[in-house]
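Single-letter residue listing:
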Amino acid sequence: MIDTHSHIDGPEFADDLDETIQRAKDEGVKCIFIPGICLKDTPHIFELCKKYEGYLYPMIGLHPENIMDEDYHYVLDEMEKMLKNMLADESCTTKPIAVGEVGIDLYWDDTHKTEQIEVFEKQIIWAEKYDLPLMIHSRNAHKELMEVMERHRASNLKGVFHCFSGTAEEAKDLLSFPGFMLGIGGVCTFKKSTLPEVLKECIPMDRIVLETDSPYLAPVPNRGKRNESAFLTHIVDKLSQVYGIEKPVLMLQTEENVVKVFSKCSFFNKK
Ligand SMILES: [Zn+2]
């Protein structure tokens, strides 16, 4: 099992990070990917990935909810410099494995829709330029997301549409980008979720990756608590029921899917 999306760098884990990582290892989580969301948290992510080298892997990106925190032109320039330098540095052992998390979020309001799209698209261009996958966040923005993605269809991007919980129609749209997987997390265990039906109906098992999005969205039976990578087992339990297959098969398949997208992640190159 691989947790492709955990904010384990957050303050929620400051007091028991070692234990959290140990619990994940004990449950069979092989590695954890950490999305970047803003400039100020980025150095800490790289410090952690250095400290837990070979287990935690960093991404770099500006989250749509953080674009107005600071001058985003400045932030993007700084982030791109870091990205470029680390990728070029032979001695760097914590190279970013993806651009993310980036995207569009119109859940609260659409005041900064234009800016969100501009920032998203600039970071898609990094993915193209540096040949990295994208970790994409989209909330209440399917139409806008599709419009942006269509403009880049020809560049055969790879990535994950993280925290997918949409309709069958939306899944079909997203899966029309062959280099992308849908990130499936705790939502599929929620009682009223329609995600299990959508998964069964129209999302093949070779198009999903596992994620927690911790500390958010803890799966049942831990719903409402702080989420953590060890809880991936509950997501695997649910998905193996949904697809009607043995858990080891599902775990292996989702790992293969991760390799397809994150082929540059040194974890896979070591083997
Ligand atoms: Zn996230």
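Everything numeric in this text was worked out from a predicted model, so none of it was measured. Along every chain, residues carry numbers that run from 1 in the direction the sequence is written. Reporting in this predicted model follows two pLDDT cut-offs: at least 70 for local features of residues, and 80 or more for side-chain atom pairs to be given and counted; totals over whole chains, interfaces and linings ignore these cut-offs and use all residues.

Draft legend 1. Structural view of the overall build of the protein chain. Working definition: helices are DSSP H or I runs of at least four residues, strands are E runs of at least two. Numbering for both runs from the N terminus. A tally of regular secondary structure across the protein chain gives 10 helices and eight strands. To get the radius of gyration, use the C-alpha atoms; to get the globule rule, take the number of residues to the power 0.38 and multiply by 2.2 Å. For 271 residues, the compact-globule formula gives about 18 Å, and the C-alpha radius of gyration of the protein chain, at 17 Å, lands near that figure. By the convention adopted here, residues are in contact when the distance between their C-beta atoms, placed from the backbone, does not exceed 7 Å. In the protein chain, the proportion of contacts linking residues at least 24 apart, taken out of those at least 6 apart, comes to 72%.

Draft legend 2. How the structure looks around helix H9 (residues 247-261). Every helix has an expected span of 1.5 Å times one less than the residues it contains. Relative to the 21 Å expected for 15 residues at 1.5 Å per residue, H9 spans 22 Å between its end C-alpha atoms, a close match to the ideal helical length. Check the buried side of H9 and you find it contacts strand S1 (2-3), strand S6 (159-161), strand S7 (180-184), strand S8 (208-210) and helix H8 (232-243).

Draft legend 3. Fine view of unusual backbone geometry. Look at the link from Ser214 to Pro215: it is a cis peptide, with omega at 10 degrees. Within the secondary structure, Pro215 sits in the loop between S8 and H8. With an omega of 10 degrees, the peptide bond between Val220 and Pro221 qualifies as cis. If you trace the backbone, Pro221 turns up in the loop between S8 and H8. Positive phi, close to 50 degrees, is recorded for Asn140, a residue that is not glycine. Position of Asn140 relative to the elements: it lies in the loop between strand S5 (134-139) and helix H5 (142-151). Although it is not a glycine, Asn156 sits at a positive phi angle of roughly 50 degrees. Positionally, Asn156 belongs in the loop between H5 and S6. To assign burial, the other C-beta atoms lying within 10 Å of each residue's own C-beta are counted, with C-beta atoms placed from the backbone; 20 or more indicates buried, 12 or fewer indicates exposed, and intermediate counts indicate partly exposed. Note on Asn156: 10 C-beta atoms within 10 Å, which makes it exposed.

Draft legend 4. Inspection of the environment of Gly61 at higher detail. Its location among the elements puts Gly61 in the loop between strand S3 (56-58) and helix H3 (72-88). Between the C-alpha atoms of Gly61 and Tyr107, which are 46 residues apart in sequence, the distance is 20 Å. Every residue in contact with Gly61, bar those within four places of it in the chain, is listed here: Pro35, Gly36, Val99, Gly100, Glu101, Val102, Gln123 and Met135.

Draft legend 5. Spotlight on the sheet that holds strand S4 (residues 99-105). Whether two strands pair comes down to DSSP finding at least two bridges between them. With parallel pairing, the five strands of this open sheet are ordered in space as S4-S5-S6-S7-S8. Lying at the two open borders of the sheet, with one neighbouring strand each, are S4 and S8. Averaged over all adjacent pairs, the angle separating strand axes in this sheet is 30 degrees, with direction ignored. The pairing of S4 with S5 spans six bridges and is classified as parallel. Convention adopted: a line fitted to C-alpha atoms gives each axis, helices being fitted over their contacting stretch, and angles between N-to-C directions are expressed from 0 to 180 degrees.

Draft legend 6. Main features of the packing of H8 against H9. H9 packs onto H8 with a crossing angle of 100 degrees between their chain directions and a minimal axis gap of 9 Å. Judged by the inter-axis angle, H8 sits roughly perpendicular to H9. In this structure, H8 uses Val236, Leu239, Ser240 and Tyr243 to contact H9, whose residues at the interface are Lys247, Leu250 and Met251. Residue composition of the contact of H8 with H9, by class: five nonpolar, one polar and one charged. Each angle receives one of four descriptions, namely roughly parallel if under 35 degrees, roughly antiparallel if over 145, roughly perpendicular if within 65 to 115, and oblique otherwise. Side-chain classes follow a simple rule in which Ala, Val, Leu, Ile, Met, Phe, Trp, Tyr, Cys and Pro form the nonpolar group, Asp, Glu, Lys and Arg form the charged group, and the remainder, Gly included, forms the polar group.

Draft legend 7. Quick look at the nonpolar core. Ile34, Val99, Leu134 and Leu182 are the most contacted members of the largest nonpolar core, which has 74 residues in total. A per-element tally of this core places helix H4 (residues 113-130) first, with five residues. When sequence neighbours within four positions are dropped, the list of residues in contact with Ile34 reads Ser6, His7, Ile8, Asp9, Ile45, Cys49, Leu56, Tyr57, Pro58 and Met59. In this description, a nonpolar core means buried residues of the types Ala, Val, Leu, Ile, Met, Phe, Trp, Tyr and Cys, linked to one another by C-beta atoms lying within 7 Å.

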